[in-house]
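# Summary of structural features
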Amino acid sequence: MADGLILGIETSCDETAVAVVRQGREILSSVVASQIPIHSPYGGVVPELASREHLRNILPVVREALEQARVGYEDLAAIAVTAGPGLAGALLVGISFAKSLAFALERPLIAVNHLEGHIHAVLLEEARRQAADQEVLPKGPLPERQVLALVVSGGHTHLYLAEARRRNGGEPVWSYRNVGRTVDDAAGEAFDKVAKLLGLGYPGGPWIDALAPHGNPEAVPFSFAQIKAKAHRKGEPGALNPATTTYFSYSGIKTAVLRYTHVHEMEASIEARRAALAAMPNAKPADALPLCDRRTLDLIASFQRSVVDDLRRKTFRAAEQFGADRVLVSGGVAANRELRVRFTAEAAERNLPIAFPSLTLSTDNAAMIAAAAWPKFVAGECAPEGLTAEPSLALGASAR
Ligand code: KG4
Ligand code: ZN
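Residues numbered from 1 in each chain as written. Chains lettered and ligands numbered in written order. Predicted model: local features only at pLDDT ≥ 70, side-chain atom pairs only at ≥ 80, totals over all residues. Heavy atoms only, no water.

### Structural notes on the domain arrangement of the protein
On domain assignment, one finds that the protein holds domain 1 (5-141 + 359-398) and domain 2 (182-355). Here domain 1 meets domain 2 over a buried area of about 1300 Å², counting both sides, of which 61% is carbon and sulfur. The salt bridge involving arginine 326 is made with glutamate 126; its shortest N-O contact spans 2.6 Å. On the surface where domain 1 and domain 2 come into contact, there are five residue pairs in polar contact (both at pLDDT 80 or more). Those elements that place two or more of their residues in the side of domain 1 that touches domain 2 are helix H1 (36-39), helix H4 (114-128), helix H5 (130-136) and helix H13 (359-362). The element best represented in the side of domain 1 that touches domain 2 is H4, accounting for five residues. The residue inventory of the side of domain 1 that touches domain 2, partitioned by class, reads eight nonpolar, eight polar and three charged. (Domains from an automatic or database assignment. Buried area = accessible area lost by both parts, 1.4 Å probe. Salt bridge = Lys/Arg side-chain N within 4 Å of Asp/Glu carboxyl O. Polar contact = N/O pair within 3.5 Å; in protein donor to acceptor, adjacent residues only side chain to side chain. Helix = DSSP H or I, 4+ residues; strand = E, 2+ residues; numbered from the N terminus. Nonpolar A, V, L, I, M, F, W, Y, C, P; charged D, E, K, R; others polar.)

Below, the structure written as C-alpha cells:
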C-alpha cells in the first residue's frame, strides 16, 4: 500500500478497462476488453448492449489486471473510476463496482473525468521517460507553463489550456480551461460515419487511416464553412466565449461525402463492398483495399486530409493565441498516422514541443484514469459518497 498503487476503472463507452498504475507513472497492468465485435454489426455503440457487456466483463477484467500486475486487493492504495462524460448506464457499472470495492477494502475512491484521463495518457508516458518529465515540469519554483491539449476522439473534440503548479516541490496540481469544442459531431464520429456510409468496418478511424495512403488527398476539395458564432453566443447554456473559443464542426463534411457518393453514383459499389466485408469472418482494413476503386480511395484520402488539416490549423492557431509552450494530442483519433505526421511537421516548423500517447494509450484505457487520479490521491481529493454517473461532465473552467 505504501507503494501508491492505484486501480483504475474505465467503462464510459464500449471498452471495459482496468489498470494498475504505481504513483501515476508506472503501468503494472492495463487490460482492455473491447466490445467492438458486439457493436460492429450496428456500425456504432448500442448503449444497452454496452452496459450489459460491462457487467459481464468487469469482474474478470479486474482480476486479470491484478494478476498481470502481480498484486492483490490489499496492495491497492486507492480505487479510481471514470465519473463522466460518457454513456450513463456504462459509467454506472464502473462507478458501482469501484464504490463497492473501495468500501470493502476501506480505500479512498477517486473520481476522474474521462477527458482529463486522455490528457494524462500523454503525461503518464512522459513521466515514465524521466528526462521528458523534467522537460514538462522542471522541479523548483512554480513553473507557469501552459500546455494546449487537443482531446480528439469518438465523442469529443476539445481544446484545453492545462496548467500545472507544483506545490512545495510535491506532485503537480493540474487545472484546465476549455478553449475549444465541436458544435456538432466529434472528429472521430465523422471518421466512423464516413466509414459506415462507404461500406467499411467499425470503428471507422483505423479503416480510413489504413486506406487513405492509397488515394490522392487533393482529389476532392472539401471546404469547411465558417462556424457561425450566432448559435453559440455568450450566455447561452453551455456556450463558451466566442472571442477566445475555437469551434470545430464535422457534420458538414460527412454530408458532403454522402452527396459526393450520390453525384458519382457510387451506391452499388458501396453495397457490394459492405456485403463482401460482411461475408468475411474477421474483416480487416487490408481486406477492403481490393474492394475500393480509385474514386473511393481518393475520396477517403481527401476526407482524412481535410479533417486532419482542420484540426491542425485550429489547434496551432489556438496555441499561438494563448502563447502555449507545448502541445499534447490525445484520444482515439490521435492514433491517426497522417495526423501525427502533419501535427509533428507543423510543431517542428514552429519550434513547439508536441507529444502523443503511444497507440495503445491513445484509445480508451484505464491506465490514464489511474494516472490522472494520482495527484488527486496525494492531495486527498476523494469522491463524494453520493458519486454517480455524469454523462455530460465538463472539464475545467470555460474560456473567459
Ligand atoms: O478515445 P476513444 O477510444 O473513445 C472515445 O472516447 O470516444 O476514441 C475512439 C474514436 C473512434 O471514433 C475511432 O474511429 C477513432 O477514435 N480512431 C481513429 C483511429 N483509431 C481510432 N480515428 C482516426 N484514425 C485512427 N487510426
Ligand atoms: Zn475516450
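Now that the structure is up, let's keep going.
### A word on the pairing of strand E5 (residues 109-113)
With four of five residues buried, E5 is to be regarded as a mostly interior element. Two strands pair when backbone bridges link them, and strand E4 (residues 78-84) and E5 are joined in this way by five bridges, in the parallel orientation. Paired with isoleucine 79 across the bridge in E5 is leucine 109. Once you follow E4 into helix H3 (residues 88-105) and on to E5, the crossover reads as right-handed. (Buried < 20%, exposed > 50% of the residue type's maximum accessible area, 1.4 Å probe, protein only. Pairing = 2+ DSSP bridges. Right-handed = clockwise from strand over helix to strand, strands pointing away.)

### Comments concerning the site of ligand 1
Around ligand 1, 20 residues are found, and the nearest of them are Gly154, Asp192, Gly205, Asp209 and Asp364. Contacts to ligand 1 include histidine 118, whose side-chain N or O atom sits 3.3 Å from an oxygen atom. At 3.0 Å, a backbone N or O of aspartate 364 approaches an oxygen atom of ligand 1. For ligand 1, whose free accessible area comes to 550 Å², the fraction covered by protein is 90%. Comparing atom positions with the cavity grids shows ligand 1 to sit within the largest pocket. When contributions to the shell around ligand 1 are tallied by element, the ones reaching two or more residues are H4, helix H6 (187-197) and helix H7 (204-211). The element best represented in the shell around ligand 1 is H7, accounting for four residues. Grouping the constituent residues of the shell around ligand 1 by class yields five nonpolar, 12 polar and three charged. (Near = heavy atom within 4 Å. Areas by Shrake-Rupley, 256 points an atom, 1.4 Å probe, with all protein chains shown as cover. 1 Å grid on protein atoms, 1.4 Å probe; cavity = no way out; pocket = protein on both sides within 12 Å on 5 of 7 lines; lining within 4 Å. Sits in = over half its atoms within 2 Å of the grid points.)

### Considering the coordination of the zinc ion (ligand 2)
Taken together, the protein ligands of the zinc ion (ligand 2) are His114 (NE2), His118 (NE2) and Asp364 (OD), with distances of 2.0 to 2.1 Å. Here the zinc ion (ligand 2) binds four donor atoms, and the angle range of 95 to 142 degrees at the metal identifies the geometry as irregular. Mapped onto the sequence, the residues coordinating the zinc ion (ligand 2) show the spacing H-x3-H-x245-D. Pair noted here: histidine 118 is in helix H4 and aspartate 364 is in the loop between H13 and helix H14 (367-378), with a separation of 246 residues, a long-range link. Aspartate 364 shares its class with histidine 118; the two are buried. (Donors = N, O, S within 2.8 Å, 3.2 Å for Na, K, Ca; no water. Tetrahedral: all angles 85-135°; square planar, octahedral: opposite > 155°, others 65-115°.)

### A few points about the nonpolar core
Counting 53 residues, the largest nonpolar core has Leu198, Leu200, Phe303, Leu311 and Val329 as the members making the most contacts within it. When residues in this core are grouped by element, the largest group, 12 residues, is from helix H11 (residues 294-322). With 30 residues, the next largest nonpolar core counts Val20, Ile58, Ala83 and Ala389 among its residues. (Core = buried A, V, L, I, M, F, W, Y, C linked by side-chain atoms within 4.5 Å.)

### Some words on the side chain of serine 330
Along the polypeptide, serine 330 turns up in strand E10 (residues 327-330). Note on serine 330: relative accessible area 2%, which makes it buried. One polar contact links the side chain of serine 330 to the main-chain carbonyl oxygen of histidine 118, over a distance of 3.1 Å.

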